[in-house]
Every structure is written in C-alpha cells, then in structure tokens.
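An overview of the molecular structure
Here is what each chain is made of, one letter per residue.
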Amino acid sequence: MSASTIVPWVIGNWKMNPTLSSIQEWTEQFGQCLQQAAISEEQCHIAVAPTFIALSKVQADFSLYSRKVHAVAQDVSRFEGTGAFTGEVSATLLKDSQINHVLIGHSERRELLADDTDVLRQKLTNALQTGLTAVFCVGESLEQREQGVAEQVVLQQICDIASVVSDTQWESQIIIAYEPIWAIGTGKTASAQDAQAMHAKIREGLKQLTSSGDKIAILYGGSVKPENAEELATCADINGALVGGASLKADSFYKIAQAFAQAK
Ligand code: 13P
C-alpha cells in the first residue's frame with residue numbers, strides 16, 4: 001500500500017452543536033443524498049462526531065443507512081474503566097456503547113480545556129488499549145507559522161505520542177488530522193500546496209517512527225468546504241478531511257465526502 005491507495009476518511013466534527021431536532025433533519029437529508037448517489041465504503045470512510053449525549057441517537061439513525069457511517073466521540077477521559085470521575089466518559093464506556101473512534105488532541109481542547117501532552121498521552125493510551133481508533137489532531141498557531149516553526153511544532157506533537165503507540169497500533173488504530181489553528185473556523189484554508197507540503201513532512205516523520213508510515217491516513221482540517229474540497233482531495237498525502245462548520249449542513253458534508261471519494 002502507498003499513501004495514494006489509502007481509503008480516505010471524511011469526518012464531521014460537530015463540536016458543541018446541534019440540537020436533537022436539527023440532528024434528525026441532518027440524518028434524514030444525508031440519507032437522501034446517499035440514496036441519490038451512493039458513495040461506497042471502498043471509496044471513502046464517512047464519520048460524524050456529535051456531542052456525547054447525541055452519540056446514541058446518531059448511531060441509531062446511521063444504522064438505517066445502506067452503508068456504514070461511523071459515530072465518533074469528540075473526546076475521551078484520561079481515566080480508564082469505571083469509577084468516581086464525575087462528568088467523565090472512559091474509553092471502556094465508549095467501547096461498551098459500540099463507539100470505535102475518538103478525536104484526541106483537538107486544538108480547542110489543547111487551548112481551552114488544558115489537554116497538555118501528559119493528558120493526551122493518557123487519553124491515547126486508554127483509547128488504544130481499549131481497541132479504539134484515535135484521530136489524533138495536530139496543528140500550529142498563526143504565530144508559530146509566522147515564526148517559521150510550523151513544521152517543527154507539528155512534528156513535535158506527533159513525536160510526543162510516539163512513546164505510547166506501538167507499531168501495530170500506528171498501522172491500525174491511528175489517523176492523523178492536521179488542522180492549522182489559524183484555519184479553523186476562520187474561512188482561511190491553507191492552500192492545497194501548503195497543506196500538501198505539511199502532509200508530506202508529516203508522512204516523512206511518521207515513516208521515521210513506524211514502518212506503517214505509508215498506511216496512515218493524514219486528514220486536513222480547517223475551513224474545508226465543498227468549494228475547496230476537490231483541490232485538497234487531489235493532493236497525494238491528503239487522505240481525507242476533518243470538517244467543522246461545513247459538516248453541520250448535510251448537503252455540504254455530503255459534497256465534501258463525494259469530492260474525496262471521486263478523487264481517490
Ligand atoms: P472548521 O471546518 O469550522 O474550520 O473547523 C475545523 C475543525 O476544527 C474540525 O475539527
């Protein structure tokens with residue numbers, strides 16, 4: 001397998017949105033889009049990360065589709081198992097609810113919710129040991145990009161987790177999402193060239209850490225929308241997208257998935 005044969009992932013990160021009634025509308029509309037023009041699982045993996053309280057509903061709604069659409073958790077506790085940890089949801093409990101994927105290290109959690117390197121290692125360790133696949137997010141700030149240290153920052157974020165990921169886990173349980181912070185929710189996307197350049201560096205870095213470096217999907221995130229998805233999808237090392245705002249509209253999200261399905 002080479003990077004160009006990786007089946008892309010298009011994942012919607014709904015963040016602290018939407019209401020249950022809007023989810024109902026979304027899942028109906030997305031189902032209609034899939035009925036009108038199917039996207040096969042061989043062409044593109046599709047997933048959505050709702051809030052914890054909506055995970056079961058989304059899972060139930062998606063089970064009515066003719067293809068798999070995964071429900072992904074937006075976070076996982078750094079505490080494992082079950083116990084007296086008010087407000088927390090462990091990897092064990094996610095797995096128990098048939099949730100198999102989780103976002104870890106999103107910049108909003110790093111910046112606003114004190115997810116530092118130690119916490120992220122604990123979360124990742126629990127997720128991987130429980131058999132979850134982690135979508136591990138990395139990305140530099142605008143200041144770091146302007147200082148010319150973007151690559152260094154991103155590669156360091158990946159090296160930070162190397163001590164808790166085994167070779168087999170890299171191969172089957174890790175997806176990387178590169179999300180430059182300055183492109184998140186701002187309407188500013190990294191140009192396809194800049195994104196590809198960073199993805200190629202990430203791929204090189206991964207190859208130094210694991211023999212599976214060529215098999216790991218590297219997603220781009222940051223103001224992905226139908227208008228820029230096609231160009232991003234044609235880049236050799238961009239194996240999908242982590243979509244925020246545009247994933248809240250079923251038709252926009254469908255078009256992004258279609259762009260990746262058709263380009264790969
Ligand atoms: P936007 O697509 O809204 O920029 O958000 C990206 C993101 O943070 C996905 O995790």
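A short tour of the structure in this document, coming up. Residue indices follow the written sequence of each chain, beginning from 1 at its first position. For a predicted model such as this one, the threshold for reporting local features is a pLDDT of at least 70, and the threshold for listing and counting side-chain atom pairs is 80 or more; totals across whole chains, interfaces and linings nevertheless cover every residue. The side-chain quantities take in all heavy atoms of the structure and omit both hydrogens and water.

**Some thoughts on the packing of helix 10 (residues 226–233) against helix 11 (residues 250–263)**
- Simply put, an axis is a line fit to the C-alpha atoms, just over the touching stretch for a helix, and the angle between two N-to-C directions goes from 0 to 180 degrees. Helix and strand definitions follow DSSP, with helices as H or I runs of at least four residues and strands as E runs of at least two, each counted in order from the N terminus. Two elements in contact, helix 10 and helix 11, have axes separated by 9 Å at closest approach and are oriented at 20°. One finds that helix 10 runs roughly parallel with respect to helix 11. Judged by the twist between their axes, the crossing of helix 10 over helix 11 is right-handed. Of helix 11, the residues touching helix 10 (which contributes Pro226, Ala229, Glu230, Leu232 and Ala233) are Ser252, Lys255, Ile256, Ala259, Phe260 and Ala263.
- Of the residues belonging to the contact of helix 10 with helix 11, the class tally is eight nonpolar, one polar and two charged. Each angle is binned into one of four classes, with values under 35 degrees roughly parallel, values over 145 roughly antiparallel, values of 65 to 115 roughly perpendicular, and all other values oblique. Helix crossings are classified by the rotation of the near helix relative to the far one: an anticlockwise turn of less than a right angle makes the crossing left-handed, while a clockwise turn makes it right-handed. Any two residues whose heavy atoms approach within 4.5 Å are treated as being in contact. Classes in brief: Ala, Val, Leu, Ile, Met, Phe, Trp, Tyr, Cys and Pro nonpolar; Asp, Glu, Lys and Arg charged; the others, Gly included, polar.

**Thoughts on the packing of helix 1 (residues 20–36) against helix 11**
- At a closest axis distance of 9 Å, the pairing of helix 1 and helix 11 adopts a crossing angle of 40°. Taken together, helix 1 and helix 11 sit at an angle that is classed as oblique. Two packed elements cross with a definite hand, and for helix 1 against helix 11 that hand is right-handed. In this structure, helix 1 contributes Trp26, Gln29, Phe30, Cys33 and Leu34 to the contact, and helix 11 contributes Ala250, Asp251, Phe253 and Tyr254.

**Remarks on the sheet that holds strand 4 (residues 101–104)**
- Whether two strands pair depends on DSSP finding at least two bridges between them. Around the barrel, eight strands lie side by side as 1-2-3-4-5-6-7-8; this closed barrel has parallel pairing. Strand-to-strand twist in this sheet, taken as the mean axis angle between neighbours without regard to direction, amounts to 25°.
- Pairing between strand 2 (residues 45–49) and strand 3 (residues 70–73): two bridges, direction parallel. By the bridge assignment for strand 3, Val48 is matched with Ala71.
- Against the sheet, helix 9 (residues 192–209) engages strand 5 (133–138), strand 6 (174–178) and strand 7 (218–221), with an angle of about 145° to strand 7.

**Quick notes on the site of the ligand**
- Residues are counted as near a molecule or strand when any one of their heavy atoms sits within 4 Å of it. In the vicinity of the ligand, the contacting residues are Asn13, Lys15, His106, Glu179, Ala183, Ile184, Gly185, Gly222, Ser223, Leu242, Gly244 and Gly245.
- Two N or O atoms form a polar contact when they lie within 3.5 Å of each other; inside protein one atom must be a possible hydrogen donor and the other a possible acceptor, and for residues adjacent in sequence the pair counts only when both atoms belong to side chains. In the model, an oxygen atom of the ligand is placed 2.8 Å from a nitrogen or oxygen of the Lys15 side chain.
- One of the backbone nitrogen or oxygen atoms of Gly185 is found 2.6 Å away from an oxygen atom of the ligand.
- Accessible surface is estimated by sampling points in the Shrake-Rupley manner with a 1.4 Å probe; for residues, cover comes only from the protein chains shown. For the ligand, whose unbound accessible area comes to 310 Å², protein coverage reaches 95%.
- Its residues assigned to classes, the shell around the ligand shows three nonpolar, seven polar and two charged.

**Describing the pattern of salt bridges**
- We define a salt bridge as a contact between a side-chain nitrogen of Lys or Arg and a carboxyl oxygen of Asp or Glu at a distance within 4 Å. Under the defined criterion, the tally for this structure stands at 11 salt bridges.
- Residue Glu140 is joined to Arg145 by a salt bridge in which the shortest nitrogen-to-oxygen separation is 2.6 Å.
- Accessible area is worked out with a 1.4 Å probe on protein chains only. A residue is then buried under 20% of its type maximum, exposed over 50%, and partly exposed in between. The class of Glu140 is buried, set by a relative accessible area of 0%.
- By relative accessible area, Arg145 is classed as partly exposed at 28%.
- Between Lys207 and Asp214 there is a salt bridge, and its shortest N-O distance comes to 3.8 Å.
- The exposure class of Lys207 is partly exposed, given its relative accessible area of 47%.
- Since its relative accessible area comes to 26%, Asp214 is described here as partly exposed.
- Through salt bridges with shared partners, a single network forms among Asp75, Arg109, Asp115 and Lys123.

**Things to note about the nonpolar core**
- Residues Phe30, Ile176, Ile202 and Phe260 are the most contacted members of the largest nonpolar core, which totals 70 residues.
- Sorting elements by how many residues they give to this core places helix 11 first, with eight residues.
- If near-sequence neighbours (up to four positions away) are discounted, Phe30 is found in contact with Ile46, Tyr65, Val69, Ala250, Phe253 and Tyr254.
- Buried residues of nine kinds, namely Ala, Val, Leu, Ile, Met, Phe, Trp, Tyr and Cys, make up a nonpolar core once their side-chain atoms join them within 4.5 Å. Ile6, Trp9, Ala177 and Ala217 belong to the second-largest nonpolar core, a separate cluster that totals 14 residues.

Shape is all these values report; function is a separate question.
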